[in-house]
Amino acid sequence: MKKKVIVACGGAIATSTVASNAIMEIAKKNGIDVEICQCRISEIPSNLDGADLIVPTGRVKRDFGVPTIPGTPFISGVGVDKLEEKIVSVLSE
Amino acid sequence: MLEAGAFVINYILDMGPSVMLPIVITILSIALGVKPGKAIRAGLMIGVGFVGLGLIVGLMNEQLGPAAQAMSDRFGLSLSVVDIGWPGMSPITWSSNIATIAIPVAILVNIIMLVTKLTHTVNIDIWNIWHMTFTGAVAYAVTGNFALGILGVVIHAAISYKLGDLWAPLMADYFELDGITSPHGTSAYMAPYACFVDWVIEKIPGMRDVDFSADSLEEKVGVLAEPVVIGFILGSVIGFLGGYNLQQALPLGVTMSAVMVLMPKVVKCIMEGLMPLSEKAKVIMNERFDGEQYYIGLDPAILLGDSQVVAAGLIFIPLTLLIAVLVPGNRVLPFGDLATIGFFIAISVAVHKGNLFRTLFSGSLIMFVTIWIANQTIPWMTKLAETTGSLGDATAIAALDQGGCPITYVYTQALTFENVAGMIVIATTYIVCLVFAVMHSRKRAAELSEMDGE
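Residues numbered from 1 in each chain as written. Chains lettered and ligands numbered in written order. Predicted model: local features only at pLDDT ≥ 70, side-chain atom pairs only at ≥ 80, totals over all residues.

## A closer look at the overall build of chain B
Item 1. Scanning chain B from terminus to terminus reveals 18 helices and 5 strands.
Item 2. Over its C-alpha trace chain B gives a radius of gyration of 22 Å, about what one expects of a compact globule, namely 22 Å for 454 residues.
Item 3. Scored against the burial criterion, the 454 residues of chain B give a buried share of 55%.
Item 4. Residue pairs at least 24 apart in sequence account for 78% of intrachain contacts in chain B once pairs closer than 6 positions are excluded. (Helix = DSSP H or I, 4+ residues; strand = E, 2+ residues; numbered from the N terminus. Rg over C-alpha atoms; globule rule 2.2 N^0.38 Å. Buried ≥ 20, exposed ≤ 12 C-beta atoms within 10 Å, placed from the backbone. Contact = placed C-beta atoms within 7 Å.)

## Side note on the interface of chain B and chain A
Item 1. At the junction of the two partners, chain B supplies 32 residues and chain A supplies 27 residues.
Item 2. Counting only elements with at least two residues in the side of chain B that touches chain A, the list comes to helix H11 (246–288) and helix H13 (342–351) of chain B.
Item 3. Residue composition of the side of chain B that touches chain A, grouped by class: 19 nonpolar, 5 polar and 8 charged. (Nonpolar A, V, L, I, M, F, W, Y, C, P; charged D, E, K, R; others polar.)

## Focus: helix H7 (residues 146–173) of chain B
Item 1. In a regular helix each residue adds 1.5 Å, so 28 residues correspond to 40 Å; H7(B) covers 41 Å between its end C-alpha atoms and thus fits that length.
Item 2. The largest bend in H7(B) comes to about 40 degrees, at B:Trp167, with the proline B:Pro169 one to four residues further on. (Expected span 1.5 Å × (residues − 1). Bend = angle between axes of the 7 residues up to and from the residue.)

## Digging into the nonpolar core
Item 1. Grouped together as the largest cluster of nonpolar side chains are 171 residues, with contacts concentrated most on A:Ile23, B:Val82, B:Trp167, B:Ala191, B:Ile345 and B:Ile397.
Item 2. For this core, the element with the highest residue contribution is H11(B), accounting for 15 residues.
Item 3. Setting aside residues up to four positions removed in sequence, B:Trp167 forms contacts with B:Thr181, B:Ser182, B:Ala188, B:Ala191 and B:Ile347. (Core = buried A, V, L, I, M, F, W, Y, C linked by C-beta atoms within 7 Å.)

## As for unusual backbone geometry
All names here are of chain B.
Item 1. Following aspartate 401, the chain continues into glutamine 402 via a peptide bond in cis, with omega recorded as 5 degrees.
Item 2. Looking at where glutamine 402 falls in the secondary structure, it is placed in helix H16 (residues 400–403).
Item 3. The phi dihedral of glutamate 176 falls on the positive side, at around 55 degrees, and the residue is not glycine.
Item 4. The residue glutamate 176 is located in the loop between H7 and strand S3 (180–181) in this model.
Item 5. Even without glycine at this site, lysine 353 takes up a positive phi of about 50 degrees.
Item 6. Looking at the element boundaries, lysine 353 is found in the loop between H13 and helix H14 (356–376).

## Focus on the confidence of the model for chain B
Item 1. Per-residue confidence for chain B gives a mean pLDDT of 89, with 98% of residues at or over 70.
Item 2. Here the prediction assigns the complex a pTM of 0.85, and the interface score ipTM is 0.82. (pLDDT = per-residue confidence, 0-100.)

## Remarks on the sheet that holds strand S1 (residues 3–9) of chain A
All names here are of chain A.
Item 1. Pairing within the open sheet is parallel, and its 3 strands lie in the order S2-S1-S3. The sheet is open, and its two borders are formed by strand S2 (34–40) and strand S3 (53–56), each paired with just one other strand. Each strand of the sheet is rotated relative to its neighbour by a mean of 20 degrees, with strand direction disregarded.
Item 2. Here S1 pairs with S2 via 7 bridges, running parallel. (Pairing = 2+ DSSP bridges. Axes fitted to C-alpha atoms, helices over the stretch in contact; angles between N-to-C directions.)

## Here we look at the pairing of S1(A)
All names here are of chain A.
Item 1. Of all 7 residues making up S1, 5 are buried, and the element is well covered by its neighbours.
Item 2. You can see the chain leave S1, run along helix H1 (residues 15–29) and come back into S2, and the turn it takes is right-handed.
Item 3. When S1 meets S3, the two strands line up parallel, connected through 4 bridges. Its bridge partner lying in S3, isoleucine 6 is registered against isoleucine 54. (Right-handed = clockwise from strand over helix to strand, strands pointing away.)

## A few points about the environment of B:Ala4
All names here are of chain B.
Item 1. Summarising the element assignment, alanine 4 is placed in helix H1 (residues 2–13).
Item 2. Residue classification places alanine 4 among the exposed positions, given that 8 C-beta atoms sit within 10 Å.
Item 3. As a C-alpha pair, alanine 4 and asparagine 110 span 106 residues in sequence and 34 Å in three-dimensional space.

See the structure below:
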């Protein structure tokens, strides 16, 4: 089944593009079929339908009822391996 | 030989930014070891971004411009120049001739400052070099002097990296982002004003004890917070105020929704094109400057998820419009930046440790200063858009981010002396606020090490 991942940042332009590309590659490598929904953080609630994972590029304190993993390592380059593991484990469920 | 070279360069420049920058980025990417196929694709994506942006900005100015003018005429306001926002201004900046060498220049300034220990901020964010490029591009568009343009990039870059150092303790204690900072953009360069405001409020009995935050505001306003809805409301309300009937006002509303929704979709193509280059730069900078004494400089977007930043960003949508009416003689109609006001105040929220009451004061001051400066930079923004072929049918454009930047303003004023009084006022107040920022940063760093010690 296709997994829906919401990737969000402030303006849906810069950091979320970086994170989206990274998640696409991770999914391809692990044979997971994903659909990326790239949006602004303020647009997360409207895109929640059928979402399996939310990856905001910064810390989001609000609980959306969907697994949320901060994607900041994709931007900084520090701790990417650990983040990759977490994402794969959520999406493989 | 030299003549032939100059001919080739001019020939390429004459084709405009949608051709020039793709070629530059493709060559730069290949030089850094990106595979040619991938590099060419990246270059073309940048071209796509420019073409798309032209369409959207054209639509915005064509439709919203006359409505804003009509509204202003009816109410005796002067808000006739549309703020195209950072989604509009950044591509225009990238299409300046200065941008061709701004990326290497900004990185070089960073490396020199790191090696000489003038900064601890390692900027790995290529996209936001546009903020530094902007100061140079404006100076170049206004004076026509390329060297002064490059000097503008150097000065803005140097100040940015120092701001990155200043805000690092706040990143650690408020945003809980250890070893990370955000040196660029409105958030970083406007936060010194918040340090001053915070100091003043601390001195006032009664006021210093007021503290409120608004965790649930976002949930309460619901879809009202979404750009697609903001665009519709703003468009139709301005239409009605401009004397449009229902049949004219609603289409304007939907068109402005379209601008809000489509703008990031086209501008992100430019980011996609910069990706291979920025990935390489990230690897190189991280390898070279690795360790505890360095802060990694990232996009301020990582701060925008904080609930107090979100809440303040919402409150400041109507507040910014109100301030725009109150600034004497203001001609700028805030629009393109409204959906991301959070960028202006994110670090200020951290300065006040999430106290929304104080953020209201500092944010109002920040937006007042921004709008006041953005007014005077209308001719410069228009000139920049004109020289880069991005003006379209508009006669004037404005941008709060970053046409309201004190650094850009003071630098170009110092070269042109158009408004000496304005330059002196902004320069002095900004320097005073920077002193408060240094004091504030030291205080927070001391608090932080005390906490670690316990």
